[in-house]
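# Structural overview
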Amino acid sequence: MEFEKRKLEWLEFDLLEPFPHVIHGVFLRHGGASKAPFETLNLSTEVGDHPDTVKVNREAVRKALGLPKIVFAHQTHGTNVHRVTAKNCEKVPAADALFTSEKDLGLAISHGDCQGAIFYDPVHEAIAVAHCGWKGTAQNIYARVVSAMHQEIGTQAHNLIVCISPSLGPDHAEYKNYKHEIPQDLWSFQTKPNYFDFWAISKKQLNGCGIPEKNIEISDLCTVCNKSDYFSYRVDKKTGRNATVAGLKG
Ligand SMILES: [Zn+2]
């Protein structure tokens, strides 16, 4: 197969290293089959790339991680959190976060400047992935993930490990309309007028759920500064999306 010759690259998180059965990765934009402006490992079906090409790319990711199946979220910049099972995984409703406690079921969200987060509950053996842009931040989608996992499987926030992908960094997160877009209690996270530190906000929101600082790993790579490795909507507008993927090995 053609894609077997391609070279995929992905990041893994230090905090998940002690848990080798938590298969995961944030995929860089290299090694895929997509042509410009989606070159090359575009993993989103919602940006105008050819669906067959995205399929090839997703299959390459699945093979690289060795997961039997990966379920991609249908993201809307909303706050729905959906529990995925082997039974319901063929039909996933619109949701910006997915979680599961089943093995061999990979979950994925796509992003280009937004944050892709992985949540892992080592006590209940469950994982979640979440997509969080400024709208997700404004609505605190991370808190919704924690509360959905708590309600459905009994997750305790203090046990969760959370890892966040490369995303828009403080030097490039300019929000000229922030007074209309970002809740007032987050305005103090400006590093200079109109520029926000979303990494610090995410950490604060996760701490606010009861997740200890030592359990949080936020990549300090900015997607705009590293646009040769990551897709950036801010830089290119019409472009591909990276993906953050996690699954529990059976
Ligand atoms: Zn930057």
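Here's a quick rundown of the structure.

Conventions and cut-offs
Residues numbered from 1 in each chain as written. Predicted model: local features only at pLDDT ≥ 70, side-chain atom pairs only at ≥ 80, totals over all residues. Heavy atoms only, no water. Donors = N, O, S within 2.8 Å, 3.2 Å for Na, K, Ca; no water. Helix = DSSP H or I, 4+ residues; strand = E, 2+ residues; numbered from the N terminus. Buried < 20%, exposed > 50% of the residue type's maximum accessible area, 1.4 Å probe, protein only. 1 Å grid on protein atoms, 1.4 Å probe; cavity = no way out; pocket = protein on both sides within 12 Å on 5 of 7 lines; lining within 4 Å. Points joined across faces, edges and corners; volume = space filled by probe spheres on them. Nonpolar A, V, L, I, M, F, W, Y, C, P; charged D, E, K, R; others polar. Pairing = 2+ DSSP bridges.

Quick look at the coordination of the zinc ion now. By definition of the ideal shapes, a tetrahedral metal site with four donors has angles of 109.5 degrees and an octahedral site with six donors has angles of 90 or 180 degrees. For the zinc ion, the protein coordination sphere consists of His172 (ND1), Cys222 (SG) and Cys225 (SG), at 2.0 to 2.3 Å. Taken in chain order, the donor set of the zinc ion reads H-x49-C-x2-C. Separated by 50 residues along the polypeptide, histidine 172 in the loop between β9 (161–164) and α4 (178–181) and cysteine 222 in the loop between β12 (216–218) and α6 (233–236) bring together distant segments of the chain. Under the relative-accessibility criterion, histidine 172 is labelled partly exposed at 30%.

Right, let's talk about the layout of surface pockets for a bit. Approximately 660 Å³ is the volume found for the largest pocket. Lining the largest pocket are 31 residues; nearest its centre among them are His77, Gly112, Cys114, His131 and Arg241. No other element matches strand β6 (residues 106–111), which puts 4 residues into the lining of the largest pocket. The volume enclosed by the second largest pocket comes to roughly 330 Å³. Lining the second largest pocket are 15 residues, with Arg58, Lys69, Ile70, Val71 and Phe72 positioned closest to its centre. The set of elements that each furnish at least two residues to the lining of the second largest pocket consists of α1 (51–65) and β3 (70–72). The dominant element in the lining of the second largest pocket, judged by the number of residues it contributes, is α1, at 4 residues. Each residue belonging to the lining of the second largest pocket can be placed in one class, and the counts come to 6 nonpolar, 2 polar and 7 charged.

As a further point, take unusual backbone geometry. In this chain, alanine 36 is followed by proline 37 through a cis amide linkage whose omega measures 5°. Topologically, proline 37 is positioned in the loop between β2 (22–27) and α1. With omega at -10°, the peptide bond leading from glutamate 39 into threonine 40 counts as cis. Tracing the chain through its elements places threonine 40 in the loop between β2 and α1. Positive phi outside glycine occurs at asparagine 140, with the angle close to 50°. Summarising the element assignment, asparagine 140 is placed in the loop between α2 (134–138) and α3 (141–153). Phi at asparagine 194 takes a positive value of approximately 80°, unusual for a residue other than glycine.

Further remarks concern the pairing of β6. Most of β6 is tucked away: 6 of the 6 residues are buried. Burial along β6 is two-sided: the residues Gly106, Ala108 and Ser110 and Leu107, Ile109 and His111 are all buried. In terms of strand pairing, β3 meets β6 through 3 bridges, oriented parallel. The partner of phenylalanine 72 across the bridge, within β6, is alanine 108. Where β6 meets strand β13 (residues 242–248), 5 bridges bridge the pair, whose relative direction is antiparallel. By the bridge assignment for β13, alanine 108 is matched with valine 245.

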